[in-house]
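Listed here are the chains, written in short residue letters.
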Amino acid sequence: MNTASLLERLLATSAATLPAHAGDGRLYFLQDSGGSAQVFELAAGGGGPRQRTAHADAVAFVAGLPDGGAIFGRDGAGDERFQLYHLPPEGEARPLTADPRTIHGWGAVSPDGTRIAYTANSRDPAHSDAWVLDLATGAARCVAERQGPHELLGWSADGKALLLATAPRSFEATLLRVPVEGGAVAELTPHDGDARHLNPRARADGSGYWLLTDRGRDFLAVAVQREGSAPELLYGPEADVEKLEVSPDQRHLAVVVNEGGYSRLRLLDAEGVVVAEPEHPAGVITKLSWSPDGGKIVFDLARFSAPSALYAAGLDSAPARLLHGATPPEGLRDWQTIAFPTFDGRQIPAFLALPEGTMPAEGWPMLVWVHGGPAMQALPNWRADLQCILAQGIGVLVPNVRGSTGYGVGYAALDDREKRLDSVADLAAAHAHLATLAEVDGTRIGIMGQSYGGWMVLAATTEYPELWACGVDFYGIANWQSFFRNTGPWRIGHRAAEYGHPVEDAALLHRLSPLHQAARIRCPLLVAQGLTDPRVPPSESEQIVAALQANRIAVQYLTFADEGHGFTKRHNKRAVYEAVLRFLASHLQA
């Protein structure tokens, strides 16, 4: 099979993600079989999937309601101004919000199913307030005005209060109890220093909340939080517990543990004791949903060699069974987990895949793929583009350089502010390691990344210009000063805490801006950008492209009018992936 036909088959292999049960047992989820992610459902009694929405733009999430209906959200062409919709058990959806200037951040359904809660920045783009909407009447009201970005994570057990979380920095989240009918806002998790308090789930007896926290720890753990006291640890392996869902009868907890990037489902009792570890394929779980009777947990799982599919597991420790998912083409490559040394003696975790077939005499050309974030982790996820790059005869290394999550809070802090370029040095170490492998041609190594990973591409090609044969930058930051001027106002405080303050740290940000060192770039670049991107605006890509053109460095610039921070539509993925494959063939295989 040639690469073009493989790409078409991979793009046509649909992903099923984000399962959410409704009260009548039906299972909602998102599937992109039509070209963008839309709402589908599986009936409680079985049968094939039924499509419930059909929009040009992707649906971002779906949440089930007790009556069998659902709430979902979508934006306009990737602009992240999400609007909320009510989907009844039968019939067409109706909009609940209709302000295209406002971001409506999804929250939760009230315990009795009559109301929903969410955040909205309609008062001021930089601040997210707490809102409640009555589903019967459509009446919405602001119940608390807040300063700065917040996330709405749930309701109290009695439905009289909302659980709001501050989000000023990547590793700080304080939970607040916000009365729906007015009254003082209470801080549920007082603490010193930064700590995360995530994923709260109210205990039915009103005694507190199950949640995930890293207070006093290097990794996220399951704990019980009572108002105003320290969390009581229930389950804390030496790895991040990333997901937590409580069964309807509150007798069991379903959790997902991050083991070197791979997700591991475990079922606990209410006190944190492991009662079942159902086998499932090695991959990445994004969301969990208990059936209304508590008899099974449904989850999505993606692999590097297969798109996300839906699985179900029970409390009997039997292997998880496939509920719904597409079958990918045979012969796709899988990752090998490795580590390589860097400048300060640390070992950097990474995933490596080499092409199948006869190796060229000089070794395989390679692509180093860098994740975004920076407080994120490269995972063994489904990537149609990387599979096609491998099929084309180019190996792929995906490092989790310092600053990545999943390896403890301490590791994630190693690239903060003044230490930012240490993570770029890790990329040079990745190049050096590849060059030592007999299977690799050390003279033909390219680099590719998206968002913050795009900045990493630009930083790598300016800090270590002699190393790279080519670079691919998807919507990366070129100039930190202009980034802070033009990014969404709701993002500035959070980003400043990570990268540096745009005024107080102006000299640092100038040094970290690849645009000011663009004359050092020697290799050809491909740059791709969504024109509605509110996170990394098109001006960032435009500046670096103009600088490269002025310096007579070969650059190809692709823009997409109907995409934001990422390429979500099948026809746009096809266009950008085809361009990347041609670009890499020209510069790594010519």
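Above this text you will find the structure in question.
Cut-off values and rules
Residues numbered from 1 in each chain as written. Predicted model: local features only at pLDDT ≥ 70, side-chain atom pairs only at ≥ 80, totals over all residues. Heavy atoms only, no water. Helix = DSSP H or I, 4+ residues; strand = E, 2+ residues; numbered from the N terminus. Rg over C-alpha atoms; globule rule 2.2 N^0.38 Å. Contact = heavy atoms within 4.5 Å. Areas by Shrake-Rupley, 256 points an atom, 1.4 Å probe, with all protein chains shown as cover. Lys, Arg positive; Asp, Glu negative; His and termini not counted. Charge placed at Lys NZ, Arg CZ, Asp CG, Glu CD. Pairing = 2+ DSSP bridges. Axes fitted to C-alpha atoms, helices over the stretch in contact; angles between N-to-C directions. Phe/Tyr/Trp six-rings, centres within 6.5 Å; stacked < 30°, edge-to-face > 60°. Buried < 20%, exposed > 50% of the residue type's maximum accessible area, 1.4 Å probe, protein only. Lys NZ or Arg CZ within 6 Å of the ring centre and 35° of its normal. Salt bridge = Lys/Arg side-chain N within 4 Å of Asp/Glu carboxyl O.

Draft legend 1. Fine view of the overall build of the chain. Helix and strand counts for the chain stand at ten helices and 36 strands. For a compact globule of 590 residues, the expected C-alpha radius of gyration is about 25 Å, and the chain comes in at 24 Å, within 12% of that figure. A principal-axis box enclosing the C-alpha atoms of the chain has dimensions of 65 × 55 × 45 Å. Partitioning the contacts of the chain with sequence separation of at least 6, the portion at a separation of at least 24 is 53%. Counting only carbon and sulfur atoms, one obtains 50% of the accessible surface of the chain, whose full area is about 21,900 Å². In the chain, which carries 50 positive and 67 negative side-chain charges, the distance between the mean positions of the two groups comes to 2 Å.

Draft legend 2. Region of interest: the sheet that holds strand β20 (residues 232–235). Spatially, β17-β18-β19-β20 is the arrangement adopted by the four strands of the open sheet, whose pairing is antiparallel. At either end of the open sheet lies a strand with only one pairing partner, and these are β17 (197–202) and β20. Across this sheet, the average inter-strand angle for adjacent strands is 30 degrees, counted without regard to direction.

Draft legend 3. The packing of aromatic side chains, seen in detail. Counted according to the given criterion, the structure contains 19 aromatic pairs. Arranged with centres 5.8 Å apart and planes meeting at 15 degrees, the rings of phenylalanine 299 and tyrosine 311 form a pair that is stacked. With a gap of twelve residues between them, phenylalanine 299 in strand β26 (residues 297–303) and tyrosine 311 in strand β27 (residues 306–313) connect regions that are remote in the sequence. The pair phenylalanine 299 / tyrosine 311 is uniform in exposure class, with both members buried. It is arginine 203 that lies over the ring of tryptophan 210; its NZ or CZ is 4.7 Å from the centre.

Draft legend 4. Highlighting the pattern of salt bridges. Applying the stated criterion across every chain, the model contains 28 salt bridges. For aspartate 344, the salt bridge is made with arginine 402, and the minimal N-O distance between the two is 3.0 Å. Placement of aspartate 344 in the loop between β29 (336–341) and β30 (347–353) and of arginine 402 in the loop between β32 (395–399) and α3 (409–412) is noted, with a sequence separation of 58 residues between them. Residue classification places arginine 402 among the buried residues on the basis of a relative accessible area of 3%.

Draft legend 5. Broad picture of the sheet that holds strand β9 (residues 104–109). Within the open sheet, the four strands sit side by side as β9-β10-β11-β12. Their pairing is antiparallel. The open sheet has two edge strands with one neighbour each: β9 and β12 (140–144). Strand-to-strand, the axes of this sheet are offset by a mean angle of 35 degrees, without reference to chain direction. Inspection of the sheet shows strand β10 (residues 115–124) paired to strand β11 (residues 127–134) by seven bridges, in the antiparallel sense. Within the sheet, the bridge partner assigned to alanine 120 lies in β11 and is aspartate 129.

Draft legend 6. Quick look at the side chain of threonine 405. Counting through the fold element by element, threonine 405 comes out in the loop between β32 and α3. Sequence-distant contacts of threonine 405, defined by excluding residues within four places in its chain, comprise Phe171, Ala375, Met376 and Gln377.

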